[in-house]
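Structural description and commentary
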Amino acid sequence: MKDPNSEKKFKDSVNDIWRSVFRHGYTDTPRNRVLQIISNVWLHLHPARVREHGTKLRFTWCMGGITFFIFLVEVITGVLLMFYYTPDVNKAFADTIDLMYTVPFGRLMRNVHRWGAHAMVITVSVHMFRVFITGSYKPPRRFNWVMGVFLLVITFLLSFTGYLLPWDQLGYWAITVGMNMGGATPFLGHEGPFSQLLGITASNDIRFSLVGGTTIAAPALLRAYVWHCVAIPVIAVALMMVHFWRIRKDGGISGRL
Amino acid sequence: METTDTDRCNTSETGENIWFTFTRRHFLSLAGWGLFFAAMGGYLVRFFWFKHGFFYPKVVFELSPRFTVGEPKSFPENSVTKLKSRMVFIVRDGDSFKALSVVCTHLGCAVEFSKEKNIFECPCHGSKYYRNGVNFAGPAPRPLAHFEMVIDPYSGRLVVDKSKTVSVETELVV
């Protein structure tokens, strides 16, 4: 019964699958190396060629790359936390405690998410510092510096919105204080200068639109949750795509132009 | 309508003949897209506009600013009672009543009354207020808000209206 060619057929079919995924062999020529990179959807995100100085850690400190890595860690741990967390004032804190004490690996995921958030603020700041002291904001990289400033703000907003979600005393009062600062916005905050000109009160100012009410209550928790888990990450990814694409268009990650 | 050479947009590098006829089709196309984007832009601006946009709900489910706190005699003489859910202190000194806001005027934390020191203290940044709500230490810029308090003529109970603030000197004598 056994087909004498079955082994060969099996190997050929495996080979076919392999070659349908990786279409360029191992031939070590400059052309083939480039083809290997640009024909792979993951590897093509990297430049086909990296200049030698681009790999020197002493210059870039890899801070942008580390920031992006931490962002990916935050996405993964954040999605896992969402499986157990309910953005409801009666459940949020209990869910957080349950994550810590009853969910296998829950405490690890929460702590990684939290420390990652701290780390991301630090690395993004160090990245900005490095770009500044190496003068990498100068033309033609000016546009990308501005994108980077937007991403810095996005990082802060992600941290800020995430702060409220455990619905504990720390986060609650931090958001209360932060939102009252928002209430002091010129023109749009009810305690800010010139707000009377626009007829702004506590129930129609910028703070009201951010927390969905005049006090930090259920709507504020839901809004923080949606901003934190959906809206801001989408904006962050969009800005990151521009940021990374622009690095290459502006001549690579380091070195003179 | 047949396109002639003169209708085409000429982009020759020598710079010769760079012009094209602005036909009726161009005009209608421009007008159509212009209206479309103007309308979409208008809706978007209206959507995110302040005071009446998407992020400003017309109804919020919050406690009423005007509420009954109870009969005057239910508050002991010379006492400070914190109504936690309403975020007010009812301060009684003899026959005089005051309704003070719990919210610190610095950045909005909830202040606590310290019986030993007879002052209000904010746990966030250390602002301090006298028993009458006037600030004397820390970053607080103003005295605690004083709310209007009246006696309901039918039930004889105290009613506080948080939507109306009164001067620091105001007190309700029963």
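Numbering of residues starts from 1 in each chain and follows the order in which that chain's sequence is written. Just so you know, chain letters begin at A and ligand numbers begin at 1, following the order they were written in. Local features in this predicted model are restricted to residues of pLDDT 70 or higher, and side-chain atom pairs are both shown and tallied only at a pLDDT of 80 or more, whereas totals for entire chains, interfaces and linings draw on every residue. Values shown for side chains rest on all heavy atoms present in the structure; no hydrogens or waters enter the calculation.

1. Focus: the overall build of chain B
Runs of H or I in DSSP of at least four residues are treated as helices and runs of E of at least two as strands, each being numbered from the N terminus. When its secondary structure is counted, chain B shows one helix and 11 strands. If you list the helices and strands of chain B from N to C, you get α-β-β-β-β-β-β-β-β-β-β-β. Going through the 174 residues of chain B one by one, you find that 28% of them count as buried. If you sum the accessible surface of chain B, you get close to 11,700 Å²; carbon and sulfur atoms cover 59% of it. Remark: exposure states derive from per-residue accessible area (1.4 Å probe, protein chains only) relative to the maximum for the residue type, with buried under 20%, exposed over 50%, and partly exposed in between. Only the protein chains shown count as cover for residues, with accessible areas throughout obtained via the Shrake-Rupley method and a probe of 1.4 Å.

2. Points about a nonpolar patch on the surface
Residue and element names in this part refer to chain A. Two distance rules govern patches: like charges are joined within 9 Å, and nonpolar side chains (Val, Leu, Ile, Met, Phe, Trp, Tyr) within 5 Å, applied only to residues with over 30% relative accessible area and no salt bridge. Think of a salt bridge as a Lys or Arg side-chain nitrogen and an Asp or Glu carboxyl oxygen that are within 4 Å of each other. A cluster of nonpolar side chains, Val75, Ile76, Val79, Leu80, Met82, Phe83 and Tyr84, forms an exposed patch at the surface whose accessible area comes to about 670 Å². Relative to the helices and strands, phenylalanine 83 is located in the loop between helix 4 (63-82) and helix 5 (92-101). Taking relative accessible area as the criterion, phenylalanine 83 reaches 63% and is therefore assigned exposed.

3. Re the pairing of strand 3 (residues 88-93) of chain B
Residues and elements named next belong to chain B. Among the six residues of strand 3, five are classified as buried, and the element is accordingly described as predominantly covered. In this sheet, strand 3 lies alongside strand 2 (residues 79-83) in antiparallel orientation, the contact comprising five bridges. In the sheet register, leucine 83 faces strand 3, and the bridge partner there is valine 88. Between strand 2 and the antiparallel strand that follows it, strand 3, lie four residues; methionine 87 among them carries a positive phi value of about 60 degrees. Following DSSP output, two strands are said to pair if at least two bridges run between them.

4. Some remarks on the domain arrangement of chain B
For chain B, the domain assignment lists domain 1 (5-48) and domain 2 (66-173). What counts as a domain boundary in this text is fixed by an automatic or database domain assignment. Once you take the C-alpha centre of each, domain 1 of chain B and domain 2 of chain B turn out to be 65 Å apart.

5. Structural notes on the packing of helix 6 (residues 106-133) of chain A against helix 7 (residues 142-164) of chain A
Angle between the axes and distance between the axes are the two parameters that describe a pair of packed helices. All names here are of chain A. Two numbers describe how helix 6 lies on helix 7: the axes approach to 10 Å, and their chain directions differ by 160 degrees. Judged by the inter-axis angle, helix 6 sits roughly antiparallel to helix 7. Viewed along their axes, helix 6 and helix 7 form a crossing whose handedness is left-handed. Between helix 6 and helix 7, the contacting residues are Ala117, Met120, Val121, Val124, Met128, Val131 and Phe132 on the first element and Trp145, Val149, Leu152, Thr155, Phe156 and Ser159 on the second. Residues are grouped as follows: Ala, Val, Leu, Ile, Met, Phe, Trp, Tyr, Cys and Pro are nonpolar; Asp, Glu, Lys and Arg are charged; all remaining types, including Gly, are polar. Here the residues of the contact of helix 6 with helix 7 are counted per class, giving 11 nonpolar, two polar and no charged. Axis lines are fitted through C-alpha atoms, for helices just across the contact stretch, and the angle between N-to-C directions can take any value from 0 to 180 degrees. Oblique is the label for every angle not falling under 35 degrees (roughly parallel), over 145 degrees (roughly antiparallel), or within 65 to 115 degrees (roughly perpendicular). If you view the pair so one helix is near and one far, a crossing is left-handed when the near helix is turned anticlockwise from the far one by less than a right angle, and right-handed when it is turned clockwise. We call two residues in contact when some of their heavy atoms are within 4.5 Å.

6. What to know about the sheet that holds strand 6 (residues 119-121) of chain B
Paired through backbone hydrogen bonds, the strands of a sheet run either parallel or antiparallel to each other. Residue and element names in this part refer to chain B. Pairing in this open sheet of four strands is antiparallel, and the strands run 5-6-7-8 from one edge to the other. Every other strand in the sheet has two partners, leaving strand 5 (112-114) and strand 8 (135-137) as the edge strands with one partner each. Relative to strand 7 (residues 128-129), strand 6 runs antiparallel, the two being bridged by two bridges. Each bridged residue has a counterpart across the sheet, and for glutamate 121 the counterpart in strand 7 is lysine 128.

7. Quick notes on the packing of aromatic side chains
Only rings of Phe, Tyr and Trp enter the pairing, Trp through its six-membered ring, and a pair is recorded when the two centres are within 6.5 Å. The plane angle decides the type: under 30 degrees is stacked, over 60 is edge-to-face, the rest tilted. Going through the model one piece at a time under the given rule, you end up with 23 aromatic pairs over all chains. Ring centres of Tyr172(A) and Trp173(A) lie 5.0 Å apart, and the angle between their planes is 80 degrees; on these two criteria the pair is classed as edge-to-face. Through pairs of rings, three or more aromatic residues link up here, namely Trp227(A), Phe47(B), Phe48(B), Phe54(B) and Phe55(B). We count a charge as sitting over a ring when the NZ of a lysine or the CZ of an arginine lies within 6 Å of the ring centre and within 35 degrees of the ring normal. If you follow Arg107(A) out to its NZ or CZ, it ends over the ring of Tyr101(A), 4.9 Å from the centre.

8. Some remarks on helix 7 of chain A
Residue and element names in this part refer to chain A. Here helix 7 is 23 residues long and its end C-alpha atoms lie 35 Å apart, about the 33 Å a rise of 1.5 Å per residue gives. Of the residues making up helix 7, those classed as buried are Asn144, Met147, Leu151, Leu152, Ile154, Thr155, Leu158, Thr161 and Leu164. Taken together, the buried residues of helix 7 touch helix 4, helix 6, helix 8 (169-182) and helix 10 (218-249). For a helix, the expected span equals 1.5 Å multiplied by the residue count minus one.

9. Notes on the state of the cysteines
Residues and elements named next belong to chain B. Cysteine sulfur pairs qualify as disulfides if the two atoms are within 2.5 Å. Scanning all chains against the criterion turns up one disulfide over all chains. Cysteine 109 shares a disulfide with cysteine 124; S-S distance 2.0 Å. Around the S-S axis, the bridge from cysteine 109 to cysteine 124 shows a dihedral of about -95 degrees and counts as left-handed. Of this pair, cysteine 109 sits in the loop between strand 4 (96-101) and strand 5 while cysteine 124 sits in the loop between strand 6 and strand 7, and the two are 15 residues apart along the sequence. With no disulfide of its own, cysteine 104 lies 3.8 Å from the sulfur of cysteine 122, the closest cysteine sulfur. You can call cysteine 122 buried: its relative accessible area is 7%.

10. As for the domain arrangement of chain A
What the domain assignment lists for chain A is domain 1 (1-44) and domain 2 (62-249). Measuring from the centre of the C-alpha atoms in domain 1 of chain A to the corresponding centre in domain 2 of chain A gives 44 Å.

11. Describing the interface of chain B and chain A
Facing 13 residues of chain B, the contacting portion of chain A comprises 21 residues. Here's the idea: put two parts together, see how much 1.4 Å probe accessible area each one loses, and the total over both is what we call buried area. Together chain B and chain A conceal approximately 1,400 Å² of surface at their shared face, both sides included; 65% is due to carbon and sulfur atoms. In terms of surface lost to chain A, no three residues of chain B exceed Phe55(B), Tyr56(B) and Leu107(B), which account for 38% of the buried area on that side. Our enumeration of links across chain B and chain A arrives at one salt bridge. A salt bridge links Glu191(A) to Arg142(B); its shortest N-O distance comes to 3.7 Å. Polar contacts, as used here, are pairs of N or O atoms within 3.5 Å; protein pairs need one atom able to donate a hydrogen and one able to accept it. Residues neighboring in sequence count only if both atoms are side-chain atoms. Scanning the region where chain B abuts chain A turns up five residue pairs in polar contact (both at pLDDT 80 or more). Looking at the side of chain B that touches chain A, its residues break down into eight nonpolar, two polar and three charged.

12. Focus: the nonpolar core
If you look at soluble globular proteins, the nonpolar side chains tend to sit buried side by side. Counting 18 residues, the largest nonpolar core has Phe89(B), Val111(B), Phe120(B) and Tyr129(B) as its most contacted members. Those elements giving two or more residues to this core turn out to be helix 8 of chain A together with strand 3 of chain B. Put simply, a nonpolar core is a bunch of buried Ala, Val, Leu, Ile, Met, Phe, Trp, Tyr and Cys residues held in one set by side-chain atoms that sit within 4.5 Å of each other. Listed in part, the 13 residues of the second largest apolar core include Tyr85(A), Leu164(A), Leu165(A) and Ile216(A).

13. Topic: the pattern of salt bridges
Under the definition given, this model contains 12 salt bridges over all chains. One salt bridge connects Asp250(A) with Arg246(A), and the closest N-O pair in it is separated by 3.2 Å. Judged by relative accessible area, Asp250(A) falls into the buried class, the value being 7%. Owing to a relative accessible area of 22%, Arg246(A) belongs among the partly exposed residues under this scheme. Bridged by salt links that share partners, the residues Arg66(B), Asp161(B) and Lys164(B) form one connected network.

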